[in-house]
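Close look at the chain arrangement
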Amino acid sequence: MPSLKMIHGPDKNIIGEVKLEFIGGNKFVIGRDAKNNLVLNGDVKCSRHHAEIFTNDNQYFIRDLKSRNGTSVNGIKLNPTAEGEGEKLINGSTLVVGGSTFEFVSEEPDSAPAEQVKFTPAPQDEKESSSVGGDTVEIKLDEEEEKKHGANFIGRKLSSKHLTNIYEIARIIATEKSLIPLLERIIKFTVSATRSKNGYIILMEKKTEKLSSIAAFPKEIAAQVPKVSKTIVKRVVQYTRPILTSDAMLDGRFSASDSIASGDIRSAICVPLIKMPNYDGVMYLENTSLDKPFNEDDLEIASAIGIQAGLAMVSIMASDKSKRILMSMVKVLVSSVEMKDMSIQGHSERVANYASAIAQHLGMTLYEISQVQLAALLHDIGKI
């Protein structure tokens, strides 16, 4: 039986995780009304009948019931409707209902092992068989979809580890809009996908070549100066090319480096992320044991993730720059108001700080908090 796991919201300590029990029908209603299946008493942004989850052919969907503040799935806001198909839910989907955030957890049995190969008999119809080659390969990508639909494969069934990882990284990027939390989730996922011991996202200052870690996993190494090979990082930055070394101590490109010898660097992967005017960014993964060195599969996974991470960083930084420009313009307008009356200097900023703190306490998203802050700064603009 699937469930909703509460990630954030005023009722988090009360609700935790709730099973989707469809009693007397196939609809599970969420809202503030006491008659609902899931009651969000403390969520002031939630409507009385806010959204409902329903089943259809062993699949799960959610639709917004024309609520006041809306419902979103994986960052995409749903169109309000009382009927219709709704948005399909898969394991790990992030739902925002009013001011509460949930994760949809499916407990269906795991699919067949990735290495299993399944053959289907060749079609008997002559016309049909002519459209399919002799040794046809079909890639299994989305495991959740395979579980639900039970796809009938034609030819050999293969599992693409790379594509599955890329799909998961894309989901992380779609649901996280703040730079540092995004990079922390990306490096944690990459360390797991490549069986690394440590992982860093590093910026190298162009003038001084100083290395600084902006995200790391495990978390206890995040506050430390990254103990990585500057030789490897500099080469990746110089040629904008990923590097894999199964034993850096014996690799002719790096064996003379003091940092490799002193740090006992063994198996390492370094991939480029982003180029900026003053900094270059890389993702650095390492193992200190030769028992399970990195291989080419790990390099391909890390490189594919690095491409997506770099694009996400560019997008978020561009968005942050636009917000800073907007905020500068707002502060000029606010200053114009306060110049007319010296007794109210700093008033708008204090109101914005109080409003932001209240919004944060109510469990609003970062985007909603920024909107509240902006509105508070502008609340006296009519005095001009």
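Everything below is about the structure shown above.
In what follows, the accompanying structure is described. Just so it is clear, the model here is predicted, and its values are computed rather than measured.

**Overview of the packing of aromatic side chains**
Across all of its chains, the model carries two aromatic pairs by this definition. Seen from their ring centres, Phe 54 and Phe 61 are 5.5 Å apart, and the 20 degrees between their planes marks the pair as stacked. The pair formed by Phe 54 and Phe 61 is uniform in burial state, with each residue classed as buried. Arg 63 extends its terminal NZ or CZ atom over the ring of Phe 54, reaching a point 4.0 Å from the ring centre.

**Some points on helix H6 (residues 230-239)**
Listed as buried for H6 are Ile 232, Val 233, Val 236 and Val 237. The buried side chains of H6 occupy one side of the element, clustering within an arc of 130 degrees when seen end-on. Turning to H6, the residues buried within the fold contact strand E14 (198-205), strand E15 (211-217), strand E16 (243-245), strand E17 (267-275) and strand E18 (279-287). In the stretch just after H6, Thr 240 is the one whose phi turns positive, near 50 degrees.

**Looking at the sheet that holds E16**
On the basis of which strands lie adjacent, the open sheet formed by five strands has the order E15-E14-E18-E17-E16 and antiparallel pairing. Both edges of this open sheet fall to E15 and E16, since each of them pairs with a single strand only. Each strand axis lies, on average, 20 degrees off the axis of its neighbour in the sheet, ignoring direction. Two elements, E16 and E17, share three bridges in a ladder whose sense is antiparallel.

**Observations concerning the environment of Glu 52**
With respect to the helices and strands, Glu 52 occurs in strand E5 (residues 51-56). Each C-alpha atom, one on Glu 52 and one on Ile 30, is 5.8 Å from the other, the two residues being 22 residues apart in sequence. Apart from residues no more than four positions distant in its own chain, Glu 52 is found in contact with Lys 27, Phe 28, Val 29, Phe 61, Ile 62, Arg 63 and Leu 65.

**So, the sheet that holds E5**
Across the sheet, which stays open at both edges, the five strands sit in the order E4-E3-E5-E6-E9 with mixed pairing between neighbours. Both edges of this open sheet fall to strand E4 (38-39) and strand E9 (87-89), since each of them pairs with a single strand only. As paired elements, strand E3 (residues 27-31) and E4 share two bridges and run parallel to each other. Bridge pairing in E4 places Ile 30 opposite Leu 38.

**Notes on the environment of Ile 15**
You can see Ile 15 is positioned in helix H1 (residues 12-15). Here Ile 15 falls in the buried class, since its relative accessible area comes to 17%. Spatially, the C-alpha atoms of Ile 15 and Leu 38 are 8.9 Å apart, while their sequence positions differ by 23 residues.

Analysis parameters
- Residue numbering note: each chain is counted from 1, following its sequence as written.
- Per-residue local features of the predicted model are confined to residues with pLDDT of at least 70, and side-chain atom pairs are confined, for both listing and counting, to 80 or more; whole-chain, interface and lining totals are unaffected and use all residues.
- The basis for every side-chain value is the complete set of non-hydrogen atoms in the structure, without hydrogens or water.
- Between 30 and 60 degrees the pair is tilted, below 30 it is stacked and above 60 it is edge-to-face, where a pair is any two Phe, Tyr or Trp rings, Trp via its six-membered ring, whose centres lie within 6.5 Å.
- Only protein chains enter the calculation, and the probe is 1.4 Å; a residue is then buried if its accessible area is under 20% of its type maximum, exposed if over 50%, and partly exposed in between.
- In this analysis the charged atom, NZ for Lys or CZ for Arg, is taken to sit over a ring once it is within 6 Å of the ring centre and within 35 degrees of the ring normal.
- Where helices and strands are cited, they refer to DSSP runs of H or I of at least four residues and of E of at least two residues respectively, numbered from the N terminus.
- Directions drawn from the helix axis to the C-beta atoms are what define this arc.
- Any two residues whose heavy atoms approach within 4.5 Å at even a single point are treated as in contact.
- A pair of strands counts as paired when DSSP detects no fewer than two bridges linking them.
- Note on method: axes are straight lines fitted to C-alpha atoms, helices fitted across the in-contact stretch only, with angles between N-to-C directions ranging 0 to 180 degrees.

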